[in-house]
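# Commentary on secondary and tertiary structure
Now for the letters of each chain:
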Amino acid sequence: MSTIIGNALPTIPWEDKPARCNDVMWRFSKNPIVDWNPIPTAGRVYNSAIVPFKGAFAGVFRGDQKNGRATLFSGFSKDGVNIDLNPNPIQWVDEQGNPAPTSYAYDPRVLEIDGTFYVTWCDDMKGPSIGLGKTTDFVTFTRLPNPLMPYNRNGVLFPRKINGKYYLLSRPSDTGHTPFGNIFISESPDMVHWGNHSFLMGNGGQGWWEGTKIGAGPVPIETTEGWLLFYHGVSGTCNGYVYSIGAVILDKDNPKKVLYRLKNYLLTPEKQYETVGFVPNVAFPCANLFDAATGRIAIYYGAADTYTAIAFCQVDEVIAHIKSNSIVF
């Protein structure tokens, strides 16, 4: 049995697998949980991150404002489904408390380490780069030094130190809508100085679903089998890009090592809210909640660059599926 190493969280959103469903990952029947124009200041909220917070949930959300520019909003939820979004964007400050605004900001990930919630996002540092910040209350947000040089996207931290070091996943890119991309991993002793950058995994292989580019998704989940990482893979079609969700297992003590990599996607755009929207055919995972006691996992993903949706899986089933259908390349 594959065990999640973490806390019991029985209040996460959950639905049992439908009786006639043969898939390892299945969708929430009430999707999308965030629709068009959820607040007066943003037309679309998607590609967002939610975490447990004080017996309920809180998060950082990508909101595309009415001028089209992406920024980050905070929000709270009692059940992880109905989200109360702050209509005002996050007002970042530096470590001295001075205003430290972002130019644009999108696709956040959030995790908790020793009582502090760290946020990574795609930031503007004279080009796409990885932003890093922190909060303890989801009211005051403090910016930290950018961990990596531009151009880069999809920065995802591991939820604890491994052998005394922090680890960060990223996807080096270019100034535009990158038509390529591999996942790299970097390490730091203090969350400030980052180095020992290494290639982790690349696009391609035998699967066309991830033939164009890949990028890390939610924060990795620690299990007895290793770090379970959901990620997005992109294929190029005659009708544009298609974003799907895949999974990989990394070595628990050496996350630079890929142990198993699922050769097929777990979820690809099929439902109307995934195939029709501002950018069609996108399923982009940014967060996962889990209950260690039951092995239940709820994955939050952006759909069609318009909606927020949830999918479910069970850790034993998904890890067994990855291991029995693995190609590491």
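Provided above is the structure to which this section pertains.
The shown structure was predicted, so the numbers you read here are calculated from the model rather than taken from an experiment. (Residues numbered from 1 in each chain as written. Predicted model: local features only at pLDDT ≥ 70, side-chain atom pairs only at ≥ 80, totals over all residues. Heavy atoms only, no water.)

### What about the environment of Pro13?
Along the chain, Pro13 turns up in the segment before β1 (26-27). For Pro13, a relative accessible area of 6% gives the class buried. Sequence separation of Pro13 and Gly205 is 192 residues, and the distance between their C-alpha atoms is 34 Å. Among residues more than four places away in sequence, those in contact with Pro13 are Asp79, Gly80, Val81, Leu289, Ala298, Tyr300, Ile310 and Phe312. (Helix = DSSP H or I, 4+ residues; strand = E, 2+ residues; numbered from the N terminus. Buried < 20%, exposed > 50% of the residue type's maximum accessible area, 1.4 Å probe, protein only. Contact = heavy atoms within 4.5 Å.)

### What to know about the side chain of Thr142
With respect to the helices and strands, Thr142 occurs in strand β10 (residues 141-144). Assessed through its relative accessible area of 14%, Thr142 is described here as buried. In this structure Thr142 touches Trp92, Val93, Asp94, Glu95, Gly133 and Lys134, once residues within four positions along its chain are discounted.

### Some points on the side chain of Asn152
Structurally, Asn152 can be placed in strand β11 (residues 152-157). Since its relative accessible area comes to 5%, Asn152 is described here as buried. The contact partners of Asn152, leaving out residues within four places of it in the chain, are Cys122, Pro128, Ser129, Ile130, Ser170, Arg171, Pro172 and Ser173.

### What to know about the sheet that holds strand β14 (residues 195-201)
Pairing within the open sheet is antiparallel, and its 4 strands lie in the order β11-β12-β13-β14. Pairing within the sheet leaves two strands with one partner each, and these edge strands are β11 and β14. Across the sheet, the axes of successive neighbouring strands diverge by a mean angle of 30 degrees, strand direction being ignored. Pairing analysis gives 4 bridges linking strand β13 (residues 183-188) to β14, with the strands arranged antiparallel. Counterpart to Phe184 in the pairing with β14 is Phe199. (Pairing = 2+ DSSP bridges. Axes fitted to C-alpha atoms, helices over the stretch in contact; angles between N-to-C directions.)

### Digging into empty space enclosed by the protein
The tally for this structure, following the rule as stated, stands at 1 cavity of 30 Å³ or more. Put simply, the largest cavity is a space of about 30 Å³. If you go around the largest cavity, the residues you meet are Ser48, Ala49, Ile50, Phe61, Ile83, Tyr300 and Thr308. Top element by residues in the lining of the largest cavity is strand β2 (residues 42-53). It accounts for 3 residues. For the lining of the largest cavity, the per-class residue count stands at 5 nonpolar, 2 polar and no charged. (1 Å grid on protein atoms, 1.4 Å probe; cavity = no way out; pocket = protein on both sides within 12 Å on 5 of 7 lines; lining within 4 Å. Points joined across faces, edges and corners; volume = space filled by probe spheres on them. Nonpolar A, V, L, I, M, F, W, Y, C, P; charged D, E, K, R; others polar.)

### A closer look at the pattern of salt bridges
Tallied over the entire structure, the rule returns 12 salt bridges. Note that Glu274 and Arg27 form a salt bridge whose closest N and O atoms lie 2.8 Å from each other. You can see Glu274 sitting in helix α1 (residues 272-275) and its partner Arg27 sitting in strand β1, a full 247 residues away along the chain. Residue classification places Glu274 among the buried positions, given a relative accessible area of 0%. Ionic pairing is found between Arg44 and Asp64, a salt bridge with its closest N-O pair at 2.9 Å. Residue Arg44 is located in strand β2, and its partner Asp64 is located in strand β3 (residues 56-65); the two are separated by 20 residues in the primary sequence. Overlapping salt bridges bring together Arg44, Arg62, Asp64 and Asp107 as one network. (Salt bridge = Lys/Arg side-chain N within 4 Å of Asp/Glu carboxyl O.)

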